[in-house]
Amino acid sequence: MTRKIVAAALGAALAAAAGLSFYGSRHLREPVVAGPGVVRVATLGDYFAPLKGTVNDANVYVLEGKEAGGTVLLLGGTHPEEPAGRLAAWIFAENAAVARGRLLVILSANRSATTVTRLGGAYPPDFTIPTSWGGQTFRMGDRWSNPLDQWPDPEVYLHYPSRQQLAYVDIRNLNRCFPGRPNGTLTERTAFAITELVRREKVTIAIDLHEAELQYPVISTIVAHEKGADLAAAASMFISSLEGFAIGVENSPKALRGLSHREIGDATEAMSLLLEAPEPFLDATRGRTTRELLLSGRDEFIVRAGRHGLLFEKIGDEGWPIDIRVGRHTSTVLQLLEIWSADHPDQAIAVSGIPRYGEVIEKGTGAFLKDPKAAGPGRVTYE
Amino acid sequence: MTTIVTVLYYVLTAYVAVMLVWNFVKRKNWQEEVLYVIVLIPFLLRLLRLK
C-alpha cells in the first residue's frame, strides 16, 4: 500500500510540474506600451461580434494622424512562430507617431496559435529579447491554432468559399482561412473578422508580416496581390539600392487559396502584401531547436545544407539574427509607405519614430521595446 | 458536429484514465505501477485542458 501511495504521489508531482509549465506558457502575459500614435485599442470582436471574448479577440492598435490620408493594416502573429513579424509590428505599436493617415496594428492575429508550440517539435515555450530594462519575454507560438481551442480537424479541409482542398491541418492555419467564414471554425471566424476590419476601416494597404525557412522558395520577398504589384516592385528596387539588403517580389498565385495576399486583395478594396524574412529555426534540417537558434539564426546543419545548394537563401556562419530579420520588416514597411504616399498624396500615410534596417541592427530590437513599468497610466495592454 | 466529437473524445479520455487508475490499483509489481502512473499523466493533462 505504501508503495502505491509513493508511486501515485510521484505521478501527481510530475503531472503538477508539467501542468504548471504548460499553464504558465499558455497564459504568459506580454505587455504592450501604447506608443505616441495610439489613440485607442479596439479588438477584432468590435468588427465581428461572435469573436468577442474568445481567445482570438485580438487587440487592434489604432494609430491616427491629425491629417486625413490612407489606412494601412499591419498584421503580426498570423504565424506566431515567425517572431520577426510580431516584433516588427510591436515596434510600430510602441514607437510610431502618425502625422497623416491611419495605421492599424495587430500583434497577435491568431492569438490561439501563440499559446501552443509545435506538437512533438520540442520548441522552447518562450523567448526573451534583451532590453536595457531587463528583457521582454514572448510566447513562442506555432503556425496553427491551439487544438485546445479548435478541435477536431477534418479529414479533408475545403477552403471557403473556393472549396479548394487544402491540407487538413490548415483548417487551423489563419493564412489558409482568408477571407474567412462567419459561421466557421475559430480560425475561419478570425480571418472573417480581419477581412471585416479591412472592409469597415476602408484599409488601403494590408501588410502581413511573416518569416520562412530557407528551404522554402518564397523567401526574402514581398508577395503581392496584382493590385500591389507595382508598389512592391518599386519598393524592392528602392530597398535593394538604399536600405542595405535585397528583397524580391513574387506575384500572389491565383490558384492557391486562403492566403492573406490573395484573399484580402480579392475580397476587399485593399491591396494586400505579405513580407517574408529568413528564419533558419523553421528549417527541417536544423539541429537543436532552442531559443538560441530562434534568435541567432545560426545552425551548422543549415549552413551545410547551403553549401550543398539545397537552400533558396544564402546563409553563413553569422546566421540570420533576429535584429536583421526585424529590421528587414521595418524598412520594407517604411519604404512601401513612403513610395505609396509619394504616388498618392491624397491617400498618404506619414509615419515617424520607426527604426530602419541599419538602426535595428546597430541598437538591437530590444532598444525599441518599451518598459511597461515606466509607462503612463492606461498605456499598457496585454497580448 | 465538432462539439459532439469533442465531447466524445473527452469521454473516451476519461474512460481510459479511469481504466489506467484501475489497473494501477490492481498491479502487484512496482515497475508496472510506475508504468501506469506515467502513462496516466498525459490523459490527466488533457482532461484538465492543460495540454
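Check the entry above for the structure.
What this report covers is the structure whose coordinates are included nearby. Model, not experiment: these values are computed from the prediction.

**Brief notes about the overall build of chain B**
The helix and strand inventory of chain B stands at two helices and zero strands. Taking 10 Å as the expected radius of gyration for a compact globule of 51 residues, we find that chain B reaches 13 Å, considerably beyond that expectation. By the burial criterion, 22% of the 51 residues in chain B qualify as buried. Accessible area for chain B stands at about 3,700 Å²; split by element, carbon and sulfur atoms hold 75% of it.

**Thoughts on the packing of aromatic side chains**
Where two aromatic rings form a pair, the distance of their centres and the angle of their planes describe that pair. All names here are of chain A. Here the structure, examined in full by the defined rule, presents seven aromatic pairs over all chains. Here W90 and F138 contribute two aromatic rings whose centre-to-centre distance is 4.8 Å and whose plane-to-plane angle is 90°, an arrangement assigned as edge-to-face. Within this pair, whereas W90 is found in helix α2 (residues 83-95), its partner F138 is found in strand β7 (residues 136-139), the two being separated by 48 residues in sequence. Note on W90: relative accessible area 0%, which makes it buried. Feature note: the residues W90, F127 and F138 constitute an aromatic cluster, connected by ring pairs. Of note, R29 hangs over the ring of Y382, and the distance from its end group to the ring centre comes to 3.8 Å.

**Digging into helix α2 (residues 30-47) of chain B**
All names here are of chain B. Between the first and last C-alpha of α2 there are 26 Å, a value that for 18 residues agrees with the 26 Å anticipated at 1.5 Å per step. The sharpest bend along α2 reaches about 30° and sits at I41, with the proline P42 one to four residues further on. When we look at burial in α2, the residues that qualify are E33, V37, L40, I41 and L45. Regarding α2, its N-cap is N29, as a side-chain oxygen of that residue lies 2.7 Å from the backbone nitrogen of Q31 further along. Immediately downstream of α2, the backbone of R49 shows phi near 55°, a positive value.

**A look at unusual backbone geometry**
All names here are of chain A. Cis geometry is adopted by the peptide bond preceding P161, which originates at Y160 and carries an omega value of 5°. Mapped onto the elements of the fold, P161 is located in the loop between β8 (157-158) and β9 (165-166). At the junction of F178 and P179, the peptide bond is cis and its omega measures out at 5° in the coordinates. Its location among the elements puts P179 in the loop between β9 and α4 (186-200). The residue R163 is not glycine, and still its phi comes out positive at about 65°. The topology assignment puts R163 in the loop between β8 and β9. Located in the positive-phi region is S220, a residue other than glycine, with phi close to 50°. Among the structural elements, S220 can be located in the loop between β10 (205-212) and β11 (221-224). The class of S220 is buried, set by a relative accessible area of 7%.

**Topic: the interface of chain B and chain A**
Contacts between the two partners involve 19 residues from chain B, matched on the other side by 16 residues from chain A. With both sides pooled, the region where chain B packs onto chain A buries about 1,600 Å², and carbon together with sulfur makes up 70% of that total. For chain B, the biggest contributors to the area lost against chain A are R49(B), L50(B) and K51(B); these three give 32% of the whole. Inspection of the chain B/chain A interface yields two salt bridges. Taking the shortest distance from any N to any O, the salt bridge between E33(B) and K4(A) comes out at 2.6 Å. The interface formed by chain B and chain A includes eight residue pairs in polar contact (both at pLDDT 80 or more). Contributions of two or more residues to the side of chain B that touches chain A are made by α1 (2-26) and α2 of chain B. Considering every element that reaches the side of chain B that touches chain A, the biggest residue donor is α1(B), with seven residues. Tallied by class, residues from the side of chain B that touches chain A come to ten nonpolar, three polar and six charged.

**Quick look at the packing of helix α5 (residues 229-242) of chain A against helix α9 (residues 322-343) of chain A**
Residue and element names in this part refer to chain A. Interaxial distance between α5 and α9 falls to 9 Å at its minimum, and their mutual angle equals 120°. As the angle between them shows, α5 and α9 are arranged oblique. Our pair here, α5 against α9, has a crossing hand that is right-handed. Together, L231, A232, A234, A235, F238, I239 and L242 of α5 and T332, Q335, L336, I339 and W340 of α9 make up the contact between the two elements. Among the residues making up the contact of α5 with α9, the classes are represented as ten nonpolar, two polar and no charged.

Basis of the calculations
Residues numbered from 1 in each chain as written. Chains lettered and ligands numbered in written order. Predicted model: local features only at pLDDT ≥ 70, side-chain atom pairs only at ≥ 80, totals over all residues. Heavy atoms only, no water. Helix = DSSP H or I, 4+ residues; strand = E, 2+ residues; numbered from the N terminus. Rg over C-alpha atoms; globule rule 2.2 N^0.38 Å. Buried < 20%, exposed > 50% of the residue type's maximum accessible area, 1.4 Å probe, protein only. Areas by Shrake-Rupley, 256 points an atom, 1.4 Å probe, with all protein chains shown as cover. Phe/Tyr/Trp six-rings, centres within 6.5 Å; stacked < 30°, edge-to-face > 60°. Lys NZ or Arg CZ within 6 Å of the ring centre and 35° of its normal. Expected span 1.5 Å × (residues − 1). Bend = angle between axes of the 7 residues up to and from the residue. Polar contact = N/O pair within 3.5 Å; in protein donor to acceptor, adjacent residues only side chain to side chain. Contact = heavy atoms within 4.5 Å. Buried area = accessible area lost by both parts, 1.4 Å probe. Salt bridge = Lys/Arg side-chain N within 4 Å of Asp/Glu carboxyl O. Nonpolar A, V, L, I, M, F, W, Y, C, P; charged D, E, K, R; others polar. Axes fitted to C-alpha atoms, helices over the stretch in contact; angles between N-to-C directions. Parallel < 35°, antiparallel > 145°, perpendicular 65-115°, else oblique. Left-handed = near helix turned anticlockwise from the far one by under 90°.

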